[in-house]
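Observations on chain architecture
Now for the letters of each chain:
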Amino acid sequence: MSKITVVGAGAVGATTADNIARKELASEVVLLDIKEGFAEGKALDMFQTAAILGWDTKLTGVTNDYSKTANSDVVVITSGLPRKPGMTREELIGVNAGIVKSVVDNILKYSPDAIFVIVSNPMDTMTYLALKASGLPKNRIIGMGGALDSARFKCYLSLAMNVSPNDLHGSVIGGHGDTTMIPLTRLATWNGTPVTDYLDEATLTKVAADTMVGGATLTGLLGTSAWYAPGAASLSVVESIIRDEKRVIPCSVLLEGEYGQSDICMGVPVVLGKTGWEKIIDYKLNDAEQALFAKSADAVRNMNNVLSTLNL
Ligand SMILES: NC(=O)C1=CN([C@@H]2O[C@H](COP(=O)(O)OP(=O)(O)OC[C@H]3O[C@@H](n4cnc5c(N)ncnc54)[C@H](O)[C@@H]3O)[C@@H](O)[C@H]2O)C=CC1
Ligand SMILES: O=C([O-])CC(=O)C(=O)O
């Protein structure tokens, strides 16, 4: 059985760890936070649901003690500031880059073979930073954003069509930003039939627009960013890796010519299995979609360029 570490015991990290523990994905889950006693408290509270909900996963909370994370198979990084209403994810780079870099360095000391799932924002740039800082093979660095954005896309499609989200397929690729996401409405299907058969152009445009600002909408409602869907989306990525499910999930990974881009991490559909991301699927974008992808890449690259101005 496997060991999974979740760094950051805040809203997203705790929800992710809780989901992983309940599903008994690993024999051991470690939750780590820098705030004294916080991860210990969250882990104990969660473990007290075990006898009620019927799960049995060894769950440990630790304050910044990386020795307890040793030999993790998968590490999920959620540490860092969330945005407040009115902010963009990109504004978090100054604080979060330093946090993500130090966490990656610390994890590698004890888990040199781990696969990393990066959640902290701005996620595409934090994924790129984790890749560069770790020097790990590209397949072991995976940014989580597309799993969440695609779930939101299906949520808004299901509301517009009044159908079950479980009968919908749809992907959001590109950057994980309010203006950089690309919901692929042309390729979305309901039980194998195109959603474009059921929704008019104006409704599809609104579904796509709502999806793109899905995180901002929740931040406005909650006063901080979301956690239930982010925690579930993180679980889905970890589950496909740990169980070698080979699911196709849009994730932020290093592109080396795929989708016309290089030296950048961005959301594309990948096959996830026990070695990390195993393959990029080519959705054969049309010219308009390809142009959106190139524009999205420009914005992500601008953010990546900020990294060199920071004292990391
Ligand atoms: N990629 C995605 O789809 C999503 C990304 N996010 C991002 O995830 C991050 C976390 O969000 P929340 O959990 O809501 O925030 P939160 O504030 O509830 O939790 C963050 C936790 O990180 C901890 N932390 C800070 N520095 C640390 C360090 N050096 N080592 C270990 N722990 C440290 C804090 O003590 C805090 O408990 C944010 O950057 C947010 O923008 C949130 C939702 C979705
Ligand atoms: O909106 C945010 O800042 C958090 C996030 O990435 C999301 O929920 O999509």
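Going by an unreviewed UniProt entry, the protein carries the name Malate dehydrogenase and comes from Arcicella gelida. The annotation that UniProt attaches to the protein under Catalytic activity (unreviewed entry) is "(S)-malate + NAD(+) = oxaloacetate + NADH + H(+)". A UniProt comment under Sequence similarities (unreviewed entry) is attached to the protein, and it reads "Belongs to the LDH/MDH superfamily. MDH type 3 family."

**What to know about the pattern of salt bridges**
Applying the stated criterion to the full structure yields 17 salt bridges. With its nearest N and O atoms 2.8 Å apart, the salt bridge here joins Asp178 to Arg89. Of the two residues, Asp178 is situated in the loop between strand S8 (172–174) and strand S9 (181–183) and Arg89 in the loop between strand S4 (74–77) and helix H4 (93–110); the sequence distance between them amounts to 89 residues. Neither residue differs from the other here; Asp178 and Arg89 are each classed as buried. Notably, a salt bridge pairs Glu256 with Lys138, separated by 2.5 Å at the nearest N-O pair. Here Glu256, found in strand S12 (residues 247–256), pairs with Lys138, found in the loop between helix H5 (123–134) and strand S6 (141–143); they are 118 residues apart in sequence, far enough to count as distant. Lys138 gets classed as partly exposed once you look at its relative accessible area, which sits at 25%.

**Overview of the packing of helix H1 (residues 11–22) against helix H9 (residues 228–242)**
Contact pair H1 / H9: the axes reach a minimum separation of 8 Å and the direction vectors enclose 50°. The orientation of H1 with respect to H9, classified from their angle, is oblique. Between H1 and H9 lies a crossing of right-handed hand. Contacts between H1 and H9 involve Val12, Thr15, Thr16, Asn19 and Ile20 from the former and Tyr228, Pro230, Gly231, Ala232, Ser234, Leu235 and Val238 from the latter.

**Details of the site of ligand 1**
As a matter of local geometry, ligand 1 sits amid 28 residues, with Val12, Asp33, Leu81, Asn121 and Met144 nearest to it. Asp33 places a side-chain nitrogen or oxygen 2.6 Å from an oxygen atom of ligand 1. For ligand 1, whose unbound accessible area comes to 860 Å², protein coverage reaches 88%. Among the cavities detected, the one that contains ligand 1 is the largest pocket. Of all elements in the fold, only H1 and H4 reach the threshold of two or more residues within the shell around ligand 1. Broken down by element, the shell around ligand 1 gets its largest block of residues, 3 residues, from H4. Counted by class, the shell around ligand 1 contains 16 nonpolar, 10 polar and 2 charged residues.

**Things to note about the layout of surface pockets**
Where empty space is left in the structure can be found by rolling a water-sized probe over the atoms. By volume, the largest pocket amounts to about 790 Å³. In terms of lining residues, the largest pocket is bounded by 40 residues, among which Thr78, Ser79, Gly80, Leu81 and Pro82 are the most central. Taken together, the elements giving at least two residues each to the lining of the largest pocket come down to H1, strand S2 (28–33), H4 and helix H6 (146–161). Among the elements that make up the lining of the largest pocket, the one with the highest residue count is H4 (6 residues). Classifying every residue of the lining of the largest pocket by side-chain character gives 19 nonpolar, 16 polar and 5 charged.

**Considering the site of ligand 2**
Taken together, Arg83, Arg89, Asn121, Leu148, Arg152, His176, Gly215, Thr219 and Ser225 make up all the residues around ligand 2. Arg89 is positioned with one of its side-chain polar atoms (N or O) 2.8 Å from an oxygen atom of ligand 2. His176 places a side-chain nitrogen or oxygen 2.7 Å from an oxygen atom of ligand 2. Starting from 260 Å² of accessible surface for ligand 2 in isolation, the protein chains cover 95%. When each cavity is represented as a set of grid points, ligand 2 is found to reside in the largest pocket.

**Some details on the packing of aromatic side chains**
Tallying each qualifying case throughout the model produces 4 aromatic pairs. Relative to Trp55, the ring of Phe47 lies with its centre 5.8 Å away and its plane at 70°, an arrangement referred to as edge-to-face. Taking the relative accessible area as the measure of exposure, Phe47 reaches 37% and is therefore partly exposed. Given the relative accessible area of 5%, Trp55 is considered buried.

**Observations concerning the side chain of Thr219**
In this fold, Thr219 is placed in helix H8 (residues 214–222). Side-chain polar atoms of Thr219 contact the backbone oxygen of Gly215, separated by 2.8 Å. When residues no more than four places from it in sequence are discounted, the contact partners of Thr219 are Arg83, Lys84, Pro85, Thr224 and Ser225.

Conventions and cut-offs
- Residues numbered from 1 in each chain as written.
- Chains lettered and ligands numbered in written order.
- Predicted model: local features only at pLDDT ≥ 70, side-chain atom pairs only at ≥ 80, totals over all residues.
- Heavy atoms only, no water.
- UniProt positions renumbered as here; feature names shortened; annotations may be inferred.
- Salt bridge = Lys/Arg side-chain N within 4 Å of Asp/Glu carboxyl O.
- Helix = DSSP H or I, 4+ residues; strand = E, 2+ residues; numbered from the N terminus.
- Buried < 20%, exposed > 50% of the residue type's maximum accessible area, 1.4 Å probe, protein only.
- Axes fitted to C-alpha atoms, helices over the stretch in contact; angles between N-to-C directions.
- Parallel < 35°, antiparallel > 145°, perpendicular 65-115°, else oblique.
- Left-handed = near helix turned anticlockwise from the far one by under 90°.
- Contact = heavy atoms within 4.5 Å.
- Near = heavy atom within 4 Å.
- Polar contact = N/O pair within 3.5 Å; in protein donor to acceptor, adjacent residues only side chain to side chain.
- Areas by Shrake-Rupley, 256 points an atom, 1.4 Å probe, with all protein chains shown as cover.
- 1 Å grid on protein atoms, 1.4 Å probe; cavity = no way out; pocket = protein on both sides within 12 Å on 5 of 7 lines; lining within 4 Å.
- Sits in = over half its atoms within 2 Å of the grid points.
- Nonpolar A, V, L, I, M, F, W, Y, C, P; charged D, E, K, R; others polar.
- Points joined across faces, edges and corners; volume = space filled by probe spheres on them.
- Phe/Tyr/Trp six-rings, centres within 6.5 Å; stacked < 30°, edge-to-face > 60°.

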